[in-house]
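Reading the structure
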Amino acid sequence: MYNEGQVQGMTFWTPNINIFRDPRWGRGQETPGEDPTVVAKYAVAHVRGFQGDKYEGGQNGHLLASACCKHFTAYDLDNWKSVDRMEFDAKVTQQDLADTYQPPFKSCVLEAKASGIMCAYNSVNGVPNCADRNLLTKTARGQWGFHGYIVSDCDAVSTIYEKHKYVRTPEDAVALALKAGMDVNCGLYLKKYTKSAIQQKKVVESQVNRALNNLFEIRMRLGLFEGSPSRSLYGNIGRADVCSQAHQDLALEAARNGIVLLKNDANLLPLSKLKTRSLAVMGHNAANPYMLRGDYDGPPCKNVDVVTALKGYVHNTLFVQGCSNADCATASTSSAVAAAKEMDYVVLVMGLDQNQEKEDHDRVELGLPGQQQSLITAVAAAAKKPVVLVLICGGPVDVGFAKNDPKIGSILWAGYPGEAGGVALSQIIFGEHNPGGKLPMTWYPKNFVNVPMTDMRMRSDLKSGYPGRTYRFYKGPKVFEFGYGLSYTTYYYEFKQSTPNTIRLNHLTGASHAMDESLSSNSSSIRALSVAKIGADNCEMLKFSAHVGVENTGSMAGRHTVLLFARHERTGEGRPMKQLVGFESVSLDPRQRDEIEFVLNPCEHLTTAKIDGSVVIEEGYRYLVVEDKEFSINIVI
């Protein structure tokens, strides 16, 4: 885009690494999900690849493009009922900040070496993010060593004065943002009011110089002052390179691997390419390729909708729209039922669209909108065989009715799979690809909407009836679990004996100095070590490997993700019920075996966040968990 003259710079405000805390959030579709470990690893891979730093990173070196981790911090509400992100004050505990909201941004700085951070619209505990010196300067630059520029979200400086009412004048807003450590304003407030703020002695020139230094340093690292761009590494890439076959193949691979099989009773899927003589495809998302793309999308190389892709397998394919859009105020139930009675199989492509969930628009319900459920149920009841339900949506929906309906044989969740989503779904439905995706978020029941979206607490509070959030803390019924996903084959797992069963921390240099205390459920003391006091060198020495054997015990080759969780022997005091500590993708032929090595760091993966936000390693047992297998590790202090 830069080489073609379509953009003037090489700074891109991506990735979105906020936690998908609430299933109603309209921008959850932009994120990697609800788990801090997944989001942090995504941030590192995204930023390093984007900036061209390779996987080992590069603090001050040349940038191919500048990535920007957003939205800093605790931003996951856009516009819910009468609450707007521009003025929302997120009340967040230090404990939740320590082990949920901040870890992705910490990894983005420490491991990915991101060159940009965007401060968010909202306040946290009464202080607007873009006016918070403790957040931008003391934490990001001081504690984490951030070296780059900090940008406001668009008009987020104006909201300090106009929405949050945090200051008395626009000049005060500009002064506070610059003092906090922000360098550039997406908006007009710095352009309009910096001069008058200097004249009023609210801003000193050195603060302006610091911001300019940070901005021009990024431009220099991007090579924007080195003469002709054509001499740079990617200086000759043009529009002809965008839609190369390799890139289109990658889009298809990403779409296929991201689709999750949620139900497959009696192995309905895959359908036989030889025996399926007729097919009915229904739903508002079936014949509209734009609906596959989600928000912040670009023009695709190809437009292939689900109906067109499926017709490549079954010539006698009939399309019935059923609903005109996701709202589905009215449904063409009679024509859909008539088609279902005639055809061999039925695929319903339902779900949401960008009118239901997007930036500046959160949902208020978790069920399928309008008449979608009644249409699906009627078609399933009339069909010759159990039907296939495909869900196109970013956020989770309560499809408990479909999960429990024997006439709905299979459910696939595709998210917004992109330009290759139609082809990917057809390949999975007809068995050319074995699905192996896992859900990146919990799917809650409809009544979860009774929980205010404004309640930022992660931990449950059963005394008040608050159920908590995400698989780590939520204590309530679920439609589908985080990490859930089926396959056309089966797998067997086992922990290898090479995994250590004891970790001794009592021999560490300075262990007594790092001693801390935690409380058990009966208020007795538990020996613990402060991670901050253990030190980076000791933490590096404590790393160990967990070895997990995996065997494909079925009859079809498959690729899937192996998820490794850790759980504490004790519950209560805000400890997670379990926590993802590693994930690896493995491809296996039938009856093939492999061994996966997970490198774990007790200072990162076996810790507990205390109420005050400090992080400790407690004595006692942890259990590593893969599916139904567990391995105990005793931590000795």
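The preceding data block contains the structure.
Residues numbered from 1 in each chain as written. Predicted model: local features only at pLDDT ≥ 70, side-chain atom pairs only at ≥ 80, totals over all residues. Heavy atoms only, no water.

**Brief notes about helix 14 (residues 421-429)**
The buried fraction of helix 14 amounts to 8 of the 9 residues, a majority that puts the element mostly inside the structure. Among the residues of helix 14, G421, G422, A424, L425, S426, Q427, I428 and I429 are the ones counted as buried. With its phi angle positive at about 80°, G431 sits one or two positions after the end of helix 14. (Buried < 20%, exposed > 50% of the residue type's maximum accessible area, 1.4 Å probe, protein only. Helix = DSSP H or I, 4+ residues; strand = E, 2+ residues; numbered from the N terminus.)

**Observations regarding the nonpolar core**
In this structure, M282, L391, V399 and W443 are the most contacted members of the largest nonpolar core, which totals 129 residues. Filtering out sequence-adjacent residues up to four positions away, L391 remains in contact with M350, L368, V397, V399, I411, L412, W413, A414, G415 and W443. Counting 33 residues, the second-largest nonpolar core is a separate cluster that includes I503, F598, L600 and L624. (Core = buried A, V, L, I, M, F, W, Y, C linked by side-chain atoms within 4.5 Å. Contact = heavy atoms within 4.5 Å.)

**Side note on the layout of surface pockets**
Here the second largest pocket defines a volume of roughly 450 Å³. Around the second largest pocket, the lining comprises 21 residues; the ones closest to its centre are K438, G483, G485, Y493 and E627. The element contributing the most residues to the lining of the second largest pocket is strand 20 (residues 558-568), with 5 residues. (1 Å grid on protein atoms, 1.4 Å probe; cavity = no way out; pocket = protein on both sides within 12 Å on 5 of 7 lines; lining within 4 Å. Points joined across faces, edges and corners; volume = space filled by probe spheres on them.)

**Looking at the sheet that holds strand 22 (residues 593-600)**
As summarised here, the arrangement of the 3 strands in space is 15-19-22, forming an open sheet in which the pairing is antiparallel. Both outer strands of the open sheet, strand 15 (491-495) and strand 22, are each paired with one neighbouring strand and no more. The average angle at which neighbouring strand axes cross in this sheet is 25°, direction not considered. (Pairing = 2+ DSSP bridges. Axes fitted to C-alpha atoms, helices over the stretch in contact; angles between N-to-C directions.)

**Observations concerning unusual backbone geometry**
The residue after T14, namely P15, is reached through a cis peptide bond having omega 15°. Within the secondary structure, P15 is located in the segment before helix 1 (36-51). Look at the link from K70 to H71: it is a cis peptide, with omega at 0°. Looking at where H71 falls in the secondary structure, it is placed in strand 1 (residues 68-72).

**A look at the sheet that holds strand 13 (residues 387-392)**
As summarised here, the arrangement of the 6 strands in space is 9-14-13-12-10-11, forming an open sheet in which the pairing is mixed. Two strands close off the open sheet at either side, each with one partner strand: strand 9 (260-264) and strand 11 (317-320). Neighbour-to-neighbour, the strand axes of this sheet turn through a mean angle of 15°, independent of strand direction.

**Structural notes on the state of the cysteines**
Tallying each qualifying case throughout the model produces 6 disulfides. One disulfide in the model links C119 with C130; its S-S distance is 2.1 Å. Handedness here is read from the sign of the S-S torsion; for C119 and C130, about 105°, the answer is right-handed. Of the two residues, C119 sits in strand 5 (residues 116-119) while C130 sits in the loop between strand 7 (127-128) and helix 4 (133-143), which places them 11 residues apart along the sequence. Owing to a relative accessible area of 0%, C119 belongs among the buried residues under this scheme. C130 sits in the buried class, given a relative accessible area of 1%. Residue pairing for C539: its cysteine sulfur links by disulfide to C603, the two sulfurs lying 2.1 Å apart. (Disulfide = S-S within 2.5 Å.)

**Points about the side chain of R575**
Mapping R575 onto the fold places it in the loop between strand 20 and strand 21 (579-588). Using a relative accessible area of 7% as the deciding quantity, one classes R575 as buried. At a separation of 3.0 Å, a polar atom in the side chain of R575 contacts the side chain of E618. (Polar contact = N/O pair within 3.5 Å; in protein donor to acceptor, adjacent residues only side chain to side chain.)

**A short note on the packing of aromatic side chains**
Pairs of aromatic rings are described using the distance from one ring centre to the other and the angle between the two planes. In this structure the tally under the stated criterion is 19 aromatic pairs. On the numbers, 5.8 Å between centres and 75° between planes, the contact of F448 with Y474 is edge-to-face. Remark: Y474 occurs in the loop between helix 15 (470-473) and strand 15 and F448 occurs in the loop between helix 14 and helix 15; sequence separation between them is 26 residues. Given the relative accessible area of 3%, Y474 is considered buried. Here a set of aromatic residues connected by ring pairs shows up, and it is made of W413, W443, F480 and Y484. When the ring centre of Y296 is taken as origin, the NZ or CZ atom of K70, which lies over that ring, is 5.5 Å away. Directly above the aromatic system of F480 lies the positively charged group of K403, at a separation of 4.9 Å from the ring centroid. (Phe/Tyr/Trp six-rings, centres within 6.5 Å; stacked < 30°, edge-to-face > 60°. Lys NZ or Arg CZ within 6 Å of the ring centre and 35° of its normal.)

**Details of the side chain of S152**
When you line up the elements, S152 lands in strand 8 (residues 149-152). Given the relative accessible area of 0%, S152 is considered buried. Among the polar contacts listed, one links the side chain of S152 to the side chain of N185, at a separation of 3.0 Å. Among residues more than four places away in sequence, those in contact with S152 are M118, C119, C130, V157, M182, V184, N185 and C186.

**Focus on the pairing of strand 5**
By the alternation rule, side chains of strand 5 split into G116 and M118 and I117 and C119, which are all buried. Pairing analysis gives 3 bridges linking strand 1 to strand 5, with the strands arranged parallel. Each residue of the ladder has a partner; that of F72, found in strand 5, is C119. Where strand 5 and strand 8 come together, 4 bridges link them in parallel fashion. Bridging across to strand 8, I117 finds its partner in I150.

**Thoughts on helix 11 (residues 333-342)**
Of the positions making up helix 11, those classed as buried are A336, V337, A339 and A340. Buried positions in helix 11, seen along its axis, are confined to an arc of 160° and lie on one side of it. Helix 11 presents S334 and E342 as exposed residues on the side facing more than 90 degrees away from its buried surface. In this fold, the buried residues of helix 11 make contact with strand 10 (279-282), strand 11, strand 12 (345-351) and helix 12 (372-382). (Arc of directions from axis to C-beta.)

**A closer look at the packing of helix 9 (residues 245-258) against helix 14**
One can describe the packing of helix 9 onto helix 14 by two numbers: an axis separation of 8 Å at closest approach and a directional angle of 50°. Classified by the angle their axes make, helix 9 and helix 14 are oblique. Crossing angle aside, the handedness with which helix 9 passes helix 14 is right-handed. Touching L252, A255 and R256 of helix 9 are G421, V423, A424, Q427 and I428, all from helix 14. Its residues assigned to classes, the contact of helix 9 with helix 14 comprises 5 nonpolar, 2 polar and 1 charged. (Parallel < 35°, antiparallel > 145°, perpendicular 65-115°, else oblique. Left-handed = near helix turned anticlockwise from the far one by under 90°. Nonpolar A, V, L, I, M, F, W, Y, C, P; charged D, E, K, R; others polar.)

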